[in-house]
Amino acid sequence: MSTRQFGRPLRRLEDEKLLKGKAAFIDDIEPAGTLHVAFVRSSFAHGRINAIDVAEAREYPGVKMVLTAADLGDYWQPGPVLVPPPPVEGAVFHARTQVPLARDKVRHVGEPVALVVAESRYVAEDARDEIFADIEPLDPVADLGRALDPEAPLVHDDLESNLAAHVRQTKGDYSAARAEADVVIARNMRYDHGIAASMENRGVLADWDAQGEKLTIWDTTQAPIPIRNGLAGMLGLSESQVRVIAPFIGGGFGPKIMMFYPEEVLIPWLSMRLGRPVKWIEDRAENFFATTHEREQLHEAEIAVTRDGKILGVKDTFFHDTGAYDPYGLTVPINSQCTLLGCYDVPSYDSEFRAVFTNKPIVTPYRGAGRQHGVFVMERLLDLAARELGMDPVEIRRRNLLQPADFPHNHGLIYQDFTELTYDSGNYPEVLERTVEAIGYRQFREVEQPRLRAEGRHVGMAIVTYVEGTGIGPYEGARVTVEASGQVSVATGVGTQGQGHFTSFAQVVAEQVGVEPDQVRVSTGDTAEMHWGTGTFASRGAVVAGNAIHAAALEVRRKILDLAAEELEADRDDLELQGGMVGVKGAPDSAIPLGDLAVRANPLRGAVAPGTEPGLESTTYFGPPGGTTANGAHAMVVEVDPETYAVEIKRYLVVHDCGTVINPLILQGQIQGGVAQGIGNCFFEELVFDDQAQLLSASFMDYLLPTATDVPPIECDHIETPSPLNPLGVKGAGEAGAIPSGPLFAAAVEDALGDPSLELLEIPLSPNRLFEVSRTRDDGGGA
Amino acid sequence: MANQARFPVRGTINGEEFEREVEPRLLLSDFIRHELGLTGTHVGCEHGVCGACTVLLDGESVRSCLLFAVQANGRKLETVEGLSQGDAPLHPLQEAFREEHGLQCGFCTPGFLMSLLPFLEENPSPTDQEIREALSGNLCRCTGYDHIVNAVRTAASSLRDAETAGAE
């Protein structure tokens, strides 16, 4: 084998283009004659549409078309259910999906009710201001905790209540465990997640070629192939007539998944109607309302433990806010339910959730995708149990960790991919002990913290652990081709939004084919290059697409060796692939450039033997039997100002295990970026709604993303426990950094304040909120 | 208001002259991207917070989404495309971002580069804290900033080396 490409911290191959400003993002693409779209959106969370007056807008100079729902005819259809309900016995699920333009009723602020197509975006927005949408406001469902009250208004009038789903999953006998327990801790908790806030907003550009009867769509989607298949069906076209391209995308993090957003469905239709390219680029304000969120869950949770800290069982009942529609099924609350169990041996579990419609924007996965909520509940329960038992919080975790011999560990619960939640591999004690060691836990507890306390400083430390289900199916595919130039091309169907796929996938191929990674041209997110696959989500790109690429590369390697053995009249086992050549080991003069071999494999005369294929190419698929489970521990040191409740993060440390690592540099970036989003979620970012379900923090001046002065340097360490579920041994890493920050932050701040009666059972915790929680408690009001 | 009066705007961008007639309300960011066709400058928020649209106006970093194109009349603009034109090697600042993995999706990156150029000119040997403060006007959602801080440190060092070599 030549130089190992796999596992190298290779500098990214896509960077030059990005750094020179030459990478094409969606708004950089503009075919001649492009028309531009602006949407009229509801300013009420809940209301009845009486009339929409578009007469003046239609007359506006430069306007090509103005539409309301009534103009869409049969094309007006609710969007598809993207993820059906899981096969859990007794599960209730009411699917209500978003519509292209609201008619009769609006169900959240920002829901589109009309659109204008014009010669420029400026004119489209001018004309939009001439449209009067007469909407009669209705009482909104703004409070998750009261959405199921009998007197609550109905988000969907045809349902009996605002219940979107009800799922209960159990393992073991929790009642028996509770009866046996020495201590039961029960608390209510609230975890509110925020928005993805990708630096690039969404956008769609469609260009109908009437002569060629082909539709090209550029879309900021994480999943171009499902979008192509769905749109072809809706538009009455063959799938081969529709090409969806996900160009360079400025961050995804979940909400750019195959949503069939109203804009995604309407722009291609408009291009076909008008015979011109049509473009819509979301602005930042729209991104706050019209792109999906992740949000709040309210948990009533309890843990039953023995006197020596052994978990006997956990019970959790929660409400999940799904927003006005639920196209993405139950992925988020199922993730919360299944991730709660964490790294621990939990013999009994009784978990029940109700997903609830509210008059707020739609909830779908955003980095972590509900896992945060579950991890928060479990980790906080453990901290409280430790406090009650007078035990060190690290010690209670240590006593309950699953051990290396416990894998595979089947929880018997149905996970988001509809398989049984099974942890494939891991070394949880090693991860925890490395964290304890690296952060200097003992030294801090025994020496530093007492010294700092004596100085009047409020410094605290916490450690939490988590498991992340990653790399789920169903499958991905890849085509690897050695071209006549000697370059190797790789096509995969997943979209890419900054994860470094152009580099890590090239490394996977280079490893097998014996070329330098910069000789490998990776194409992602273009259905013309690869039209089988699902998309980039659930930390699955490296795992599922990576293994499909690996399998295709192995097959191409086999073809190279077979043909070269024939050409060189040598034994296959005597051949080596190196430097873009294949030759007999120890006889460099014999070597044939791979490009020449590719030409010989695709002759213009003679015959290709029956049963063989021309070229040095393979298309291969990989479908994992189940998701892989990554895991890790995070540690944090904070200092709190007891007057202002300003919190300074002094250290942040991650020990992570995501199996075999393809590119440690890229992995490091994924972890650090995730942690920054986690920190934002704990402390800075908050979707503030008023009692009319109006979003009050819908700009970057009010919704605060962490900046370089807010995020501390993040120390990372890794262990590699390969996954047995795929040949590369890899596990997903995209979401891990963002998952456990909430309970970590709460525990570290509690520890810093050093008041045993203070319990922080909610996220986010801005300084204001910390102040309020502490004051309420001081006044005897109870937290 | 359609068909507003148009005003001339002329100046230089990355050393080349331009001359256009534009509506007075046209944002500088839209002018650069859609009139001049330099799409390396990105638009992230259009309210002056994210910094993705940062360009240099007479050598100073500005948010092009908070200026009108007519305000650039008679002035000198520089965008990310000016850092290394055509097949020229990357500018040391760009090279440092590549070396330290200071970008992921890359959408915010041109804004970071254009904010950092005048910063490193004024402060060739910044401390990490100074670097973080200089970066705090630009939002990045992917990296967590650590690798960007490393990139700025690396860039400062190679720019200093180049300066010393040039002086010798």
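Remember, predicted model here, so these are calculated numbers, not experimental data.

## With respect to the overall build of chain A
For step 1, the next point in the chain: Summing up its helical and strand segments, chain A has 18 helices and 30 strands in all.
For step 2, the next point in the chain: At 28 Å, chain A has a C-alpha radius of gyration in line with the 28 Å of a compact globule built from 783 residues.
For step 3, the next point in the chain: With the principal axes as the frame, chain A shows a C-alpha extent of 90 × 75 × 50 Å.
For step 4, the next point in the chain: Counting over 783 residues, chain A shows a buried share of 59%.

## Describing the interface of chain A and chain B
For step 1, the next point in the chain: At the interface, 45 residues of chain A touch 44 residues of chain B.
For step 2, the next point in the chain: Taken together, the elements giving at least two residues each to the side of chain A that touches chain B come down to α1 (15–19), α3 (121–128) and α16 (664–684) of chain A.
For step 3, the next point in the chain: Here the side of chain A that touches chain B gets six residues from one element, more than from any other, and that element is α16 of chain A.
For step 4, the next point in the chain: Broken down by class, the residue content of the side of chain A that touches chain B amounts to 21 nonpolar, 13 polar and eleven charged.

## As for the packing of helix α13 (residues 501–513) of chain A against helix α14 (residues 541–568) of chain A
Two packed helices can be described by the angle between their axes and the distance between those axes.
Residues and elements named next belong to chain A.
For step 1, the next point in the chain: Axis separation between α13 and α14 bottoms out at 8 Å; the angle between their running directions is 30°. Relative to α14, the element α13 is oriented roughly parallel. Handedness of the crossing formed by α13 with α14: right-handed. On the side of α13, the interface is formed by H501, S504, F505, V508, V509, Q512 and V513, while α14 contributes G541, A542, G546, I549, H550, A553, L554, V556 and R557.
For step 2, the next point in the chain: Counted by class, the contact of α13 with α14 contains nine nonpolar, six polar and one charged residues.

## As for the sheet that holds strand β25 (residues 592–593) of chain A
All names here are of chain A.
For step 1, the next point in the chain: With respect to topology, three strands assemble into an open sheet ordered β23-β24-β25, the strand pairing being antiparallel. The open sheet has two edge strands with one neighbour each: β23 (575–578) and β25.
For step 2, the next point in the chain: Two elements, strand β24 (residues 581–584) and β25, share two bridges in a ladder whose sense is antiparallel. Each bridged residue has a counterpart across the sheet, and for M581 the counterpart in β25 is P593.
For step 3, the next point in the chain: In this fold α14 packs onto β23, β24 and β25, with an angle of close to 125° to the strand it touches most, β23.

## Quick notes on helix α4 (residues 128–135) of chain B
Residues and elements named next belong to chain B.
For step 1, the next point in the chain: For α4, the full list of buried residues reads I131, R132, A134 and L135. For α4, the angular spread of buried residues about the axis comes to 160°, placing them on one side.
For step 2, the next point in the chain: Elements that come into contact with the buried residues of α4 comprise α3 (109–122) and α5 (146–167).

## Notes on the environment of C338 of chain A
All names here are of chain A.
For step 1, the next point in the chain: With respect to the helices and strands, C338 occurs in helix α8 (residues 331–339).
For step 2, the next point in the chain: C338 sits 75 residues away from L413 along the chain, and the two C-alpha atoms are 7.1 Å apart.
For step 3, the next point in the chain: Setting aside its immediate chain neighbours within four residues, C338 contacts L413, Y415, L421 and G469.

## Things to note about the packing of helix α5 (residues 224–235) of chain A against helix α6 (residues 262–274) of chain A
Residues and elements named next belong to chain A.
For step 1, the next point in the chain: It is the contact of α5 with α6, at a shortest axis distance of 11 Å, that shows an interaxial angle of 50°. The angle between α5 and α6 places the two elements in the oblique class. Crossing of α5 against α6: the hand is right-handed. Here α5 contributes I227, L231, M234 and L235 to the contact with α6, which in turn contributes E264, V265, P268, W269 and M272.

## Some points on the nonpolar core
Nonpolar side chains tend toward joint burial in soluble globular proteins.
Residue and element names in this part refer to chain A.
For step 1, the next point in the chain: Counting residues in hydrophobic clusters, the biggest one holds 299 residues, and the most contacted among them are V37, A114, V116, V509, I549, A748 and V749.
For step 2, the next point in the chain: Sorting elements by how many residues they give to this core places α14 first, with twelve residues.
For step 3, the next point in the chain: Apart from the residues within four sequence positions on either side, I549 is in contact with A478, V480, V490, T492, F505, V508 and V509.

## A few points about the environment of V242 of chain A
For step 1, the next point in the chain: Residue position: V242 of chain A is located in strand β12 (residues 242–245).
For step 2, the next point in the chain: Sequence-distant contacts of V242 of chain A, that is, excluding residues within four places in its chain, are made with L215, I217, R228, L231, A232 and L237 of chain A.

## Re the sheet that holds strand β1 (residues 7–13) of chain B
Residues and elements named next belong to chain B.
For step 1, the next point in the chain: Pairing is mixed across the open sheet formed by five strands, whose spatial order is β2-β1-β5-β3-β4. Of all the strands in the sheet, just β2 (16–22) and β4 (60–63) have a single pairing partner and so form its edges. The mean angle between the axes of side-by-side strands here comes to 40°, regardless of whether they run parallel or antiparallel.
For step 2, the next point in the chain: Bridge analysis of strand β3 (residues 54–57) against strand β5 (residues 76–78) gives two bridges, and the strand direction is antiparallel. From the neighbouring strand, L56 faces β5, where its bridge partner is E78.

## Section: the domain arrangement of chain A
Residue and element names in this part refer to chain A.
For step 1, the next point in the chain: If you check the domain split of chain A, you get domain 1 (202–281) and domain 2 (473–622).
For step 2, the next point in the chain: Taken over C-alpha atoms, the centre of domain 1 sits 29 Å from the centre of domain 2.
For step 3, the next point in the chain: Those elements that provide at least two residues to the side of domain 1 that touches domain 2 are α5 and β12.
For step 4, the next point in the chain: Counting residues per element, the side of domain 1 that touches domain 2 draws most heavily on α5, which supplies four residues.
For step 5, the next point in the chain: The residue inventory of the side of domain 1 that touches domain 2, partitioned by class, reads ten nonpolar, five polar and three charged.

## Concerning helix α17 (residues 741–753) of chain A
Residue and element names in this part refer to chain A.
For step 1, the next point in the chain: Over its 13 residues, α17 extends 18 Å from the first C-alpha to the last, a length consistent with the 18 Å expected when each residue adds 1.5 Å.
For step 2, the next point in the chain: Of all the 13 residues making up α17, twelve are buried; the element is thus mostly covered by neighbouring parts of the structure.
For step 3, the next point in the chain: Along α17, the positions that sit buried rather than exposed are S741, G742, P743, L744, F745, A746, A747, A748, V749, E750, D751 and A752.

## Side note on the confidence of the model for chain B
For step 1, the next point in the chain: Per-chain confidence: chain B averages 96 in pLDDT, with 98% of residues scoring 70 or above.
For step 2, the next point in the chain: In the predicted assembly, ipTM is 0.97 and pTM is 0.96.

## Here we look at the pairing of strand β11 (residues 214–219) of chain A
Residue and element names in this part refer to chain A.
For step 1, the next point in the chain: Taking burial as the measure, the six residues of β11 include five buried ones, the bulk of the element.
For step 2, the next point in the chain: In this sheet, β11 lies alongside strand β10 (residues 203–209) in antiparallel orientation, the contact comprising six bridges. Within β11, the position partnered with W208 by the bridge is L215.
For step 3, the next point in the chain: Between β10 and β11, which pair antiparallel and follow one another directly, the connecting turn spans four residues, one of which, E213, has a positive phi of 50°.
For step 4, the next point in the chain: One ladder, built from four bridges, connects β11 with β12; its direction is parallel. Across the sheet, W218 pairs through a bridge with I245, a residue of β12.
For step 5, the next point in the chain: Taking the sense of rotation as the criterion, the β-α-β connection linking β11, α5 and β12 turns out right-handed.

## Digging into the domain arrangement of chain B
By a frequent convention, interface size equals the accessible area lost on bringing the separate parts together.
All names here are of chain B.
For step 1, the next point in the chain: We note that the domain assignment places domain 1 (7–82) and domain 2 (92–167) within chain B.
For step 2, the next point in the chain: Put simply, the middle of domain 1 and the middle of domain 2, counted by C-alpha atoms, are 22 Å apart.
For step 3, the next point in the chain: Listed per partner, the contact involves 16 residues of domain 1 and twelve residues of domain 2.
For step 4, the next point in the chain: Counting only elements with at least two residues in the side of domain 1 that touches domain 2, the list comes to β3 and β4.
For step 5, the next point in the chain: No other element matches β3, which puts three residues into the side of domain 1 that touches domain 2.
For step 6, the next point in the chain: When its residues are assigned to classes, the side of domain 1 that touches domain 2 shows seven nonpolar, eight polar and one charged.

Rules behind the numbers
Residues numbered from 1 in each chain as written. Chains lettered and ligands numbered in written order. Predicted model: local features only at pLDDT ≥ 70, side-chain atom pairs only at ≥ 80, totals over all residues. Helix = DSSP H or I, 4+ residues; strand = E, 2+ residues; numbered from the N terminus. Rg over C-alpha atoms; globule rule 2.2 N^0.38 Å. Buried ≥ 20, exposed ≤ 12 C-beta atoms within 10 Å, placed from the backbone. Contact = placed C-beta atoms within 7 Å. Nonpolar A, V, L, I, M, F, W, Y, C, P; charged D, E, K, R; others polar. Axes fitted to C-alpha atoms, helices over the stretch in contact; angles between N-to-C directions. Parallel < 35°, antiparallel > 145°, perpendicular 65-115°, else oblique. Left-handed = near helix turned anticlockwise from the far one by under 90°. Pairing = 2+ DSSP bridges. Arc of directions from axis to C-beta. Core = buried A, V, L, I, M, F, W, Y, C linked by C-beta atoms within 7 Å. Domains from an automatic or database assignment. Expected span 1.5 Å × (residues − 1). pLDDT = per-residue confidence, 0-100. Right-handed = clockwise from strand over helix to strand, strands pointing away.

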